[in-house]
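# Survey of secondary and tertiary structure
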Amino acid sequence: MKTNITKSAYGLTAAGDSVEKYTLSNTNGMKIDVITYGGIITSWTAPDKDGNYKNIVLGYDSLSQYLSGSPYFGAIIGRYGNRIANGKFQLDGQEYTLATNNDPNHLHGGEVGFDKVIWEASVGSPGDAAVLILTYTSPDGEEGYPGKLTSTVTYRLTNDDALEIDYMATTDQKTIVNLTQHSYFNLSGDFSQSILDQKVRILADEYLPVDETLIPTGEKRKVEGTPFDFKVPKAIGQDIEVENEQLKRGNGYDHCWVLNDHGSFRKVASAYHEETGRFLEVITNEPGIQFYTGNFLDGTLPAYGGGTYGFRSGFCLETQHFPDSPNQKEFPSVTLEPGQPYRSKTTYRFSVK
Ligand code: GLA
C-alpha cells in the first residue's frame, strides 16, 4: 500500500479564483486536508488509543468562512510570523513600514499575508510519503516588504504519522523572512472541550517576556519557578490562572520560548491528551516556539461540525525565529540575502501513549 493524494474543487474567492483541496493520506489512515488558499490545513485526523481517527485541528467547513475572517486557523504564516514593533524595521539604514494590523504592531505578514493568498500546488511522486509542494511568489514591496520573495512550503505526510514541513525561500533583494504554520490543536478531537487538561512540554530554559502590546522586552527570562516552566509535561491549565503579570498581558500563554540547543534539528515540544492517548511531538531547527493557548477565541466563530469555538479550545505551537527580531540585535537574524536560500524545517509527529 502506498500513500495517496487526491484533489478536489473547494470553492471560489471573491475575485473568482478557484481554490483546490488536496487530501494527503498515509497507509495507517491519517488524512490531512490542505487548501491552496493560505496553504491552510483544514482537517488533520489522528488516531486515539483505540485506533479511532478524528480531526484534531480547528478549522471551518467552507471557504466562505475562511474568507470572512479566521484567526489564522491552520494557515501558512508569512512573510513574518509574529509581531514587528510599530510595523517598522530597517535594513542597511533604510526604514520600511508595514501594516499595523495588530494595533500598534505588525502581525503575521500584514493585511493580506501568506495565509490569505493562493498558493500554486504540485504533487510529489507517490511513494513512502504523500508530498504536496506549495509555492507563492510575493512581489517586491508587497505588504511593504522589500524584495521579490519566492517561498516553497512542502507538506510531507509519512507512514509514521508525521507531517514534515519544509520551508524554503529566495529573494532578489535583501529582506526579512520568518515563516511558520498556525494549526490550532485540540487533541481530544472534541472542539466543545477546552485544551486546559492537555499536557504540554517545552524544552526551553528561558522565554521572552513581553510588553503590554506583546512585543518582547529583549530580556530572556528563566522559566524555573514560574508558570512558564514546561520542562516537564504540565497541564496547560495548571498555572494559567496564577497571578502573574506576563500571563495577564497574554490573557494566558501567548509567548515565545527560547528553545534549548539551537543549531540542530531536535525535539522541542510535545502535547498529550490522557483520555484519548493522543501524543504529539514537535521537532524543529528553529530557535523559538510561540505557545498560544487560544486566548482570543471567544465563542463567536463557528466550529467544525457545529457549535462555536470557545475560549481556549485550541493551542498553537508555532516554530519560528523570535518576534520583533528585525529590531532586536541580540536575537538570531531573520535577514535574507539574495543567493542564500532560507530554510526551515518542522515535523509534527503523532502517536498514542
Ligand atoms: C499568534 C499571536 C496571537 C494571536 C494569534 C492569532 O499566535 O501570538 O497573539 O494573534 O496568533 O489569533
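The sections below set out a description of the structure shown in this document.

## Points about the overall build of the chain
- For the chain, the count of helices and strands is two helices and 27 strands.
- Reported as C-alpha extents along the three principal axes, the dimensions of the chain are approximately 55 × 50 × 40 Å.
- The burial tally for the chain puts 56% of its 353 residues in the buried class.
- Working note: accessible area of the chain is about 13,700 Å², and carbon and sulfur atoms make up 47% of it.
- Looking at the chain, you have 31 positive and 45 negative side-chain charges, and the mean spots of the two groups are 4 Å apart.

## Structural notes on the site of the ligand
- Taken together, Pro71, Tyr72, Arg83, Leu107, His108, His182, Tyr184, Asp254, Gln290, Tyr292, Phe296 and Glu318 make up the full set of residues adjacent to the ligand.
- A distance of 2.8 Å separates an oxygen atom of the ligand from a polar atom in the side chain of His182.
- Gln290 places a side-chain nitrogen or oxygen 3.2 Å from an oxygen atom of the ligand.
- Relative to its free-state accessible area of 300 Å², the ligand is covered by the protein chains to the extent of 95%.
- Because more than half of its atoms lie within 2 Å of the grid, the ligand is assigned to the second largest pocket.

## Description of the layout of surface pockets
- Reported here for the largest pocket is a volume of approximately 270 Å³.
- If you trace the largest pocket, you find 16 residues lining it, with Gln90, Ser325, Pro326, Asn327 and Lys329 closest to the centre.
- A per-element tally of the lining of the largest pocket places strand S8 (residues 88-91) first, with three residues.
- Tallied by class, the residues present in the lining of the largest pocket amount to seven nonpolar, seven polar and two charged.
- Approximately 200 Å³ is the volume attributed to the second largest pocket.
- Together, 14 residues line the second largest pocket, and Arg83, Leu107, His108, Tyr292 and Phe296 are the ones closest to its centre.
- Taken together, the residues of the lining of the second largest pocket break down into six nonpolar, five polar and three charged.

## Overview of the pairing of strand S25 (residues 316-320)
- In terms of burial, S25 is a largely internal element, five of the five residues being buried.
- By the alternation rule, side chains of S25 split into Cys316, Glu318 and Gln320 and Leu317 and Thr319, which are all buried.

## Some words on the side chain of Thr276
- Following the sequence through the fold, Thr276 ends up in the loop between strand S22 (266-273) and strand S23 (278-284).
- Other than its neighbours up to four places away in sequence, Thr276 contacts Asp48, Lys49, Leu187 and Ser188.

## As for the environment of Lys248
- By the element assignment, Lys248 lies in helix H2 (residues 245-250).
- Taking the C-alpha atoms as reference, Lys248 lies 9.2 Å from Glu212; in sequence the two are 36 residues apart.
- Engagement of the side chain of Lys248 in a polar contact is seen with the side chain of Glu243, the distance being 3.0 Å.

## Overview of the sheet that holds strand S12 (residues 129-138)
- With antiparallel pairing, the nine strands of this open sheet are ordered in space as S11-S12-S13-S14-S27-S23-S22-S17-S20. At either margin of the open sheet sits one strand with a lone partner, and together these are strand S11 (120-123) and strand S20 (234-235).
- Pairing analysis gives four bridges linking strand S17 (residues 199-202) to S22, with the strands arranged antiparallel. Bridge pairing in S22 places Arg201 opposite Ser270.

What counts and how
Residue positions are counted from 1 within each chain, in the order its sequence is given. Given that this is a predicted model, residues contribute local features only at a pLDDT of at least 70 and side-chain atom pairs are listed and counted only at 80 or more, while totals for whole chains, interfaces and linings are drawn from all residues. Side-chain descriptors were evaluated using all non-hydrogen atoms of the structure, hydrogens and water having been removed beforehand. Helix and strand definitions follow DSSP, with helices as H or I runs of at least four residues and strands as E runs of at least two, each counted in order from the N terminus. Burial classes: relative accessible area under 20% of the type maximum marks a residue as buried, over 50% as exposed, and values in between as partly exposed (1.4 Å probe, protein chains only). Using a 1.4 Å probe, the Shrake-Rupley method yields the accessible areas, and only the shown protein chains count as cover for residues. Only four residue types enter the tally: Lys and Arg on the positive side, Asp and Glu on the negative side; His and the chain ends are excluded. Charge coordinates come from a single atom per side chain, which is NZ of Lys, CZ of Arg, CG of Asp or CD of Glu. Nearness of a residue to a molecule or strand requires only that one of the residue's heavy atoms be within 4 Å of it. Pairs of N or O atoms within 3.5 Å make up the polar contacts considered here, provided that, within protein, one atom can donate a hydrogen while the other can accept it, and that residues adjacent in sequence are counted only when both atoms are side-chain atoms. Here a cavity is any set of points on a 1 Å grid over the protein atoms alone where a 1.4 Å probe fits but cannot get out, and a pocket is any open set with protein on both sides within 12 Å along at least 5 of 7 lines; a residue lines the site when it has an atom within 4 Å of a point. Here the criterion for a molecule occupying a pocket or cavity is that more than half of its atoms lie within 2 Å of the pocket grid points. Grid points are joined across faces, edges and corners, and a volume is the space filled by probe spheres set on the points. Note on residue categories: nonpolar means Ala, Val, Leu, Ile, Met, Phe, Trp, Tyr, Cys or Pro, charged means Asp, Glu, Lys or Arg, and polar means any other residue, Gly included. Contacts are assigned to residue pairs with any non-hydrogen atoms lying within 4.5 Å of each other. Strand pairing is defined by DSSP finding a minimum of two bridges between the two strands.

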